[in-house]
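An overview of the molecular structure
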Amino acid sequence: MKKLTLDRLLQSQGFGTRKWCRQLIDDGEVSVAGTVVTDYRTAFDTDGLTFRLFDEDWDFHEHVFVALHKPPNFECSRKPSHHPGVLSILPENFTWRDVQPVGRLDHDTTGLLLMSDHGPFIHSQSSPKSHIPKVYVATTAEPVTPELVALLLAGVQLHDEPAPLAAVRCSMVDSHRIEIVLEQGKYHQVKRMLAAAGNHCAALQRVAIGQLTLEGLGLEEGEWCYLDAAELGLLVAGD
Ligand code: URA
(Lines give C-alpha, C1' and ligand atoms only; values in the text may rest on other atoms or scores of the structure.)
Protein backbone atom coordinates (compact mmCIF):
# COMPACT_ATOMS: atom_id res chain seq x y z
CA MET A 1 0.00 0.00 0.00
CA LYS A 2 1.36 3.42 -0.95
CA LYS A 3 -0.16 6.54 0.60
CA LEU A 4 0.28 9.94 -1.03
CA THR A 5 -1.06 13.39 -0.19
CA LEU A 6 -3.39 14.63 -2.91
CA ASP A 7 -0.96 17.27 -4.24
CA ARG A 8 1.88 14.74 -4.61
CA LEU A 9 -0.54 12.23 -6.07
CA LEU A 10 -1.70 14.61 -8.82
CA GLN A 11 1.89 15.65 -9.51
CA SER A 12 2.95 12.01 -9.86
CA GLN A 13 0.25 11.55 -12.51
CA GLY A 14 1.59 14.42 -14.61
CA PHE A 15 -0.93 17.14 -13.80
CA GLY A 16 1.73 19.81 -13.25
CA THR A 17 3.96 21.20 -10.54
CA ARG A 18 3.10 20.68 -6.88
CA LYS A 19 2.11 24.36 -6.68
CA TRP A 20 -0.23 24.03 -9.65
CA CYS A 21 -1.74 20.82 -8.27
CA ARG A 22 -2.39 22.53 -4.92
CA GLN A 23 -4.16 25.29 -6.82
CA LEU A 24 -6.37 22.78 -8.63
CA ILE A 25 -7.26 21.18 -5.29
CA ASP A 26 -7.90 24.60 -3.71
CA ASP A 27 -10.20 25.48 -6.61
CA GLY A 28 -12.33 22.40 -5.88
CA GLU A 29 -11.40 20.72 -9.19
CA VAL A 30 -10.54 17.33 -7.64
CA SER A 31 -12.84 14.76 -6.12
CA VAL A 32 -12.27 11.28 -4.77
CA ALA A 33 -15.10 8.77 -4.33
CA GLY A 34 -17.66 11.45 -5.21
CA THR A 35 -16.43 14.00 -2.63
CA VAL A 36 -14.60 17.20 -3.53
CA VAL A 37 -11.31 17.33 -1.60
CA THR A 38 -9.98 20.84 -0.94
CA ASP A 39 -7.20 20.03 1.55
CA TYR A 40 -4.11 19.05 -0.40
CA ARG A 41 -2.67 17.30 2.68
CA THR A 42 -5.37 14.63 2.60
CA ALA A 43 -3.57 11.33 1.96
CA PHE A 44 -4.94 8.46 -0.12
CA ASP A 45 -3.97 4.86 -0.60
CA THR A 46 -3.03 4.81 -4.29
CA ASP A 47 -3.87 1.12 -4.87
CA GLY A 48 -6.87 1.03 -7.18
CA LEU A 49 -7.54 4.73 -6.59
CA THR A 50 -9.74 6.67 -9.02
CA PHE A 51 -10.02 10.44 -8.83
CA ARG A 52 -11.97 12.98 -10.84
CA LEU A 53 -10.33 16.00 -12.42
CA PHE A 54 -11.43 18.23 -15.29
CA ASP A 55 -14.70 16.27 -15.40
CA GLU A 56 -12.84 13.06 -16.17
CA ASP A 57 -12.17 9.96 -14.08
CA TRP A 58 -8.50 9.01 -13.79
CA ASP A 59 -7.18 5.72 -12.44
CA PHE A 60 -3.93 6.06 -10.52
CA HIS A 61 -1.04 4.43 -12.40
CA GLU A 62 2.33 4.23 -10.70
CA HIS A 63 3.75 3.76 -14.18
CA VAL A 64 2.16 4.03 -17.58
CA PHE A 65 2.31 1.09 -20.02
CA VAL A 66 0.36 1.83 -23.14
CA ALA A 67 -0.20 0.30 -26.57
CA LEU A 68 -1.01 2.69 -29.41
CA HIS A 69 -2.18 1.78 -32.89
CA LYS A 70 0.03 4.36 -34.56
CA PRO A 71 -1.56 6.10 -37.54
CA PRO A 72 0.55 7.30 -40.47
CA ASN A 73 2.04 10.81 -40.47
CA PHE A 74 3.04 10.89 -36.81
CA GLU A 75 6.65 10.97 -35.66
CA CYS A 76 8.06 8.97 -32.75
CA SER A 77 10.85 11.48 -32.17
CA ARG A 78 10.83 13.58 -28.97
CA LYS A 79 11.23 16.69 -31.10
CA PRO A 80 9.06 16.04 -34.15
CA SER A 81 9.89 18.22 -37.12
CA HIS A 82 7.62 17.43 -40.09
CA HIS A 83 4.60 15.74 -38.52
CA PRO A 84 2.95 15.82 -35.11
CA GLY A 85 4.50 13.59 -32.46
CA VAL A 86 2.79 10.39 -31.29
CA LEU A 87 2.55 11.87 -27.78
CA SER A 88 0.01 14.37 -29.10
CA ILE A 89 -2.42 11.42 -29.47
CA LEU A 90 -2.26 10.63 -25.73
CA PRO A 91 -3.54 12.73 -22.79
CA GLU A 92 -1.37 15.78 -22.13
CA ASN A 93 -0.39 14.64 -18.63
CA PHE A 94 1.45 11.66 -20.19
CA THR A 95 3.97 14.11 -21.68
CA TRP A 96 4.46 15.69 -18.25
CA ARG A 97 5.22 12.31 -16.73
CA ASP A 98 7.73 11.63 -19.49
CA VAL A 99 5.92 8.85 -21.30
CA GLN A 100 7.93 8.00 -24.42
CA PRO A 101 7.75 5.59 -27.33
CA VAL A 102 9.53 2.28 -26.84
CA GLY A 103 11.74 2.22 -29.93
CA ARG A 104 10.59 3.97 -33.07
CA LEU A 105 8.40 3.48 -36.06
CA ASP A 106 8.93 5.62 -39.16
CA HIS A 107 6.45 8.44 -39.67
CA ASP A 108 4.69 6.47 -42.44
CA THR A 109 4.71 3.12 -40.59
CA THR A 110 1.49 2.21 -38.81
CA GLY A 111 0.71 -0.34 -36.12
CA LEU A 112 1.63 -1.41 -32.64
CA LEU A 113 3.74 1.05 -30.66
CA LEU A 114 4.41 0.66 -26.94
CA MET A 115 4.75 3.75 -24.80
CA SER A 116 5.83 4.04 -21.18
CA ASP A 117 7.39 6.18 -18.47
CA HIS A 118 9.14 3.18 -16.87
CA GLY A 119 12.84 3.41 -17.73
CA PRO A 120 13.78 -0.25 -17.11
CA PHE A 121 10.80 -1.42 -19.20
CA ILE A 122 11.75 0.89 -22.09
CA HIS A 123 15.34 -0.29 -21.86
CA SER A 124 14.58 -4.01 -21.70
CA GLN A 125 12.03 -3.84 -24.53
CA SER A 126 14.37 -1.85 -26.78
CA SER A 127 17.45 -3.95 -26.14
CA PRO A 128 18.36 -6.36 -28.97
CA LYS A 129 19.52 -8.72 -26.20
CA SER A 130 15.88 -9.23 -25.18
CA HIS A 131 15.21 -11.08 -28.48
CA ILE A 132 11.58 -10.01 -28.49
CA PRO A 133 10.22 -10.61 -31.99
CA LYS A 134 8.59 -7.71 -33.81
CA VAL A 135 6.18 -8.79 -36.52
CA TYR A 136 5.73 -6.56 -39.58
CA VAL A 137 3.51 -6.85 -42.61
CA ALA A 138 4.99 -5.01 -45.58
CA THR A 139 3.09 -4.19 -48.75
CA THR A 140 5.52 -4.48 -51.61
CA ALA A 141 5.75 -2.65 -54.93
CA GLU A 142 6.89 -5.80 -56.77
CA PRO A 143 5.30 -9.24 -56.31
CA VAL A 144 6.38 -11.36 -53.36
CA THR A 145 8.21 -14.45 -54.58
CA PRO A 146 9.59 -17.57 -52.85
CA GLU A 147 13.06 -16.21 -53.76
CA LEU A 148 12.37 -12.97 -51.87
CA VAL A 149 11.29 -14.93 -48.79
CA ALA A 150 14.37 -17.16 -49.04
CA LEU A 151 16.69 -14.13 -49.42
CA LEU A 152 15.27 -12.38 -46.37
CA LEU A 153 15.61 -15.57 -44.33
CA ALA A 154 19.17 -16.13 -45.52
CA GLY A 155 20.18 -12.52 -44.80
CA VAL A 156 20.82 -9.43 -46.90
CA GLN A 157 23.78 -7.09 -46.73
CA LEU A 158 22.96 -3.46 -45.87
CA HIS A 159 25.67 -1.00 -46.81
CA ASP A 160 26.44 0.25 -43.26
CA GLU A 161 26.20 -3.12 -41.49
CA PRO A 162 29.21 -5.34 -40.83
CA ALA A 163 27.27 -8.57 -41.51
CA PRO A 164 24.12 -9.59 -43.40
CA LEU A 165 20.82 -9.14 -41.52
CA ALA A 166 18.24 -11.90 -41.66
CA ALA A 167 14.58 -12.16 -40.74
CA VAL A 168 13.84 -14.54 -37.84
CA ARG A 169 10.75 -15.67 -39.71
CA CYS A 170 9.33 -14.62 -43.05
CA SER A 171 6.35 -15.71 -45.10
CA MET A 172 4.24 -14.60 -48.01
CA VAL A 173 0.82 -13.21 -47.05
CA ASP A 174 -0.43 -12.66 -50.59
CA SER A 175 0.93 -11.52 -53.97
CA HIS A 176 2.06 -8.11 -52.63
CA ARG A 177 2.27 -8.61 -48.87
CA ILE A 178 4.96 -10.29 -46.83
CA GLU A 179 5.24 -10.95 -43.08
CA ILE A 180 8.71 -10.29 -41.71
CA VAL A 181 9.75 -11.00 -38.13
CA LEU A 182 12.80 -9.22 -36.71
CA GLU A 183 14.48 -9.24 -33.33
CA GLN A 184 16.60 -6.14 -34.00
CA GLY A 185 15.29 -2.66 -34.68
CA LYS A 186 17.86 -1.04 -36.92
CA TYR A 187 17.13 2.18 -38.77
CA HIS A 188 14.50 1.58 -41.51
CA GLN A 189 15.42 -2.09 -41.23
CA VAL A 190 12.44 -3.66 -42.99
CA LYS A 191 12.45 -1.12 -45.81
CA ARG A 192 16.19 -1.42 -46.32
CA MET A 193 16.12 -5.22 -46.21
CA LEU A 194 13.36 -5.30 -48.82
CA ALA A 195 15.29 -2.86 -51.01
CA ALA A 196 18.47 -4.91 -50.62
CA ALA A 197 16.49 -7.98 -51.69
CA GLY A 198 15.40 -6.20 -54.89
CA ASN A 199 11.86 -5.17 -53.92
CA HIS A 200 10.41 -1.95 -52.48
CA CYS A 201 8.31 -1.39 -49.37
CA ALA A 202 5.19 0.58 -50.31
CA ALA A 203 3.57 0.43 -46.86
CA LEU A 204 4.52 -1.04 -43.51
CA GLN A 205 2.56 -2.08 -40.45
CA ARG A 206 3.80 -3.62 -37.18
CA VAL A 207 1.16 -6.15 -36.21
CA ALA A 208 2.71 -7.73 -33.11
CA ILE A 209 5.45 -7.49 -30.50
CA GLY A 210 6.17 -10.83 -28.85
CA GLN A 211 2.76 -12.46 -28.46
CA LEU A 212 0.96 -9.12 -28.09
CA THR A 213 -1.00 -8.45 -31.28
CA LEU A 214 -2.86 -5.43 -32.60
CA GLU A 215 -5.74 -7.72 -33.43
CA GLY A 216 -5.86 -9.14 -29.88
CA LEU A 217 -5.91 -5.62 -28.45
CA GLY A 218 -8.69 -4.66 -30.89
CA LEU A 219 -7.25 -1.20 -31.44
CA GLU A 220 -8.30 0.85 -34.45
CA GLU A 221 -5.83 3.29 -35.98
CA GLY A 222 -5.27 6.18 -33.56
CA GLU A 223 -6.66 4.27 -30.56
CA TRP A 224 -4.64 3.38 -27.47
CA CYS A 225 -5.12 1.40 -24.27
CA TYR A 226 -3.38 0.71 -20.98
CA LEU A 227 -1.71 -2.71 -20.87
CA ASP A 228 -2.54 -4.95 -17.92
CA ALA A 229 -0.19 -7.48 -16.33
CA ALA A 230 -1.40 -10.32 -18.56
CA GLU A 231 -0.83 -8.26 -21.72
CA LEU A 232 2.61 -7.14 -20.52
CA GLY A 233 3.37 -10.84 -19.97
CA LEU A 234 2.90 -11.38 -23.73
CA LEU A 235 5.91 -9.17 -24.50
CA VAL A 236 8.35 -12.02 -24.39
CA ALA A 237 11.08 -13.54 -26.50
CA GLY A 238 10.07 -16.20 -28.99
CA ASP A 239 11.25 -19.76 -28.58
N1 URA B 1 11.49 -1.09 -40.24
C2 URA B 1 11.31 0.00 -41.02
O3 URA B 1 11.86 0.08 -42.12
N4 URA B 1 10.52 0.99 -40.56
C5 URA B 1 9.87 0.94 -39.37
O6 URA B 1 9.14 1.87 -39.02
C7 URA B 1 10.06 -0.21 -38.57
C8 URA B 1 10.88 -1.21 -39.03
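Let's talk about the nonpolar core
- Counting residues in each nonpolar core, the largest one holds 32 residues, and the members touching the most others are Met-115, Leu-152, Ile-178, Ile-180, Val-190 and Leu-194.
- For this core, the two domains that each supply at least three residues are domain 2 (65–129 + 212–232) and domain 3 (133–209).
- The contacts of Met-115, once residues within four sequence positions are left out, are Val-64, Phe-65, Val-66, Leu-68, Val-86, Leu-87, Leu-90, Val-99, Gln-100, Pro-101 and Val-102.
- Grouped together as the second largest cluster of nonpolar side chains are 17 residues, Leu-10, Cys-21, Leu-24 and Trp-58 included.

Notes on the site of the ligand
- Near the ligand, the surroundings consist of Leu-105, Asp-106, Thr-109, Tyr-136, His-188, Gln-189, Val-190, Lys-191 and Leu-204.
- Separating an oxygen atom of the ligand from a backbone N or O atom of His-188 is a distance of 3.2 Å.
- At 3.4 Å, a backbone N or O of Gln-189 approaches an oxygen atom of the ligand.
- Contact with the protein chains covers 96% of the free accessible surface of the ligand, which is 240 Å².
- No other element matches the 3 residues that helix α6 (residues 189–196) contributes to the shell around the ligand.
- Grouping the amino acids of the shell around the ligand by side-chain chemistry returns 4 nonpolar, 3 polar and 2 charged.
- A domain split of the shell around the ligand shows at least three residues from each of domain 2 (65–129 + 212–232) and domain 3 (133–209).

Re the sheet that holds strand β5 (residues 50–53)
- The sheet built from 4 strands is open, its strands ordered β3-β2-β5-β6 with antiparallel pairing. Two strands bound the open sheet, and with one partner strand each, they are β3 (35–36) and β6 (56–59).
- Sheet analysis places strand β2 (residues 30–32) next to β5, joined by 3 bridges and oriented antiparallel. In the strand pairing of β5, Val-32 is matched with Phe-51.

Describing the domain arrangement of the protein
- On domain assignment, one finds that the protein holds domain 1 (3–59), domain 2 (65–129 + 212–232) and domain 3 (133–209).
- On a C-alpha basis, the centres of domain 2 and domain 3 stand 22 Å from each other.
- Counting residues at the interface gives 16 residues for domain 2 and 11 residues for domain 3.
- Surface buried jointly by domain 2 and domain 3 totals about 1100 Å² across both partners, of which 43% is contributed by carbon and sulfur atoms.
- Remark: the boundary between domain 2 and domain 3 carries 2 salt bridges.
- One salt bridge connects Lys-191 with Asp-106, and the closest N-O pair in it is separated by 2.8 Å.
- Taken together, the links from domain 2 to domain 3 amount to 9 residue pairs in polar contact (both at pLDDT 80 or more).
- Every element with two or more residues in the side of domain 2 that touches domain 3 is listed here: β9 (110–116) and β14 (212–213).
- In terms of residue count, the dominant contributor to the side of domain 2 that touches domain 3 is β9 (5 residues).

About the thresholds
- Residues numbered from 1 in each chain as written.
- Predicted model: local features only at pLDDT ≥ 70, side-chain atom pairs only at ≥ 80, totals over all residues.
- Heavy atoms only, no water.
- Core = buried A, V, L, I, M, F, W, Y, C linked by side-chain atoms within 4.5 Å.
- Buried < 20%, exposed > 50% of the residue type's maximum accessible area, 1.4 Å probe, protein only.
- Domains from an automatic or database assignment.
- Contact = heavy atoms within 4.5 Å.
- Near = heavy atom within 4 Å.
- Polar contact = N/O pair within 3.5 Å; in protein donor to acceptor, adjacent residues only side chain to side chain.
- Areas by Shrake-Rupley, 256 points an atom, 1.4 Å probe, with all protein chains shown as cover.
- Helix = DSSP H or I, 4+ residues; strand = E, 2+ residues; numbered from the N terminus.
- Nonpolar A, V, L, I, M, F, W, Y, C, P; charged D, E, K, R; others polar.
- Pairing = 2+ DSSP bridges.
- Buried area = accessible area lost by both parts, 1.4 Å probe.
- Salt bridge = Lys/Arg side-chain N within 4 Å of Asp/Glu carboxyl O.

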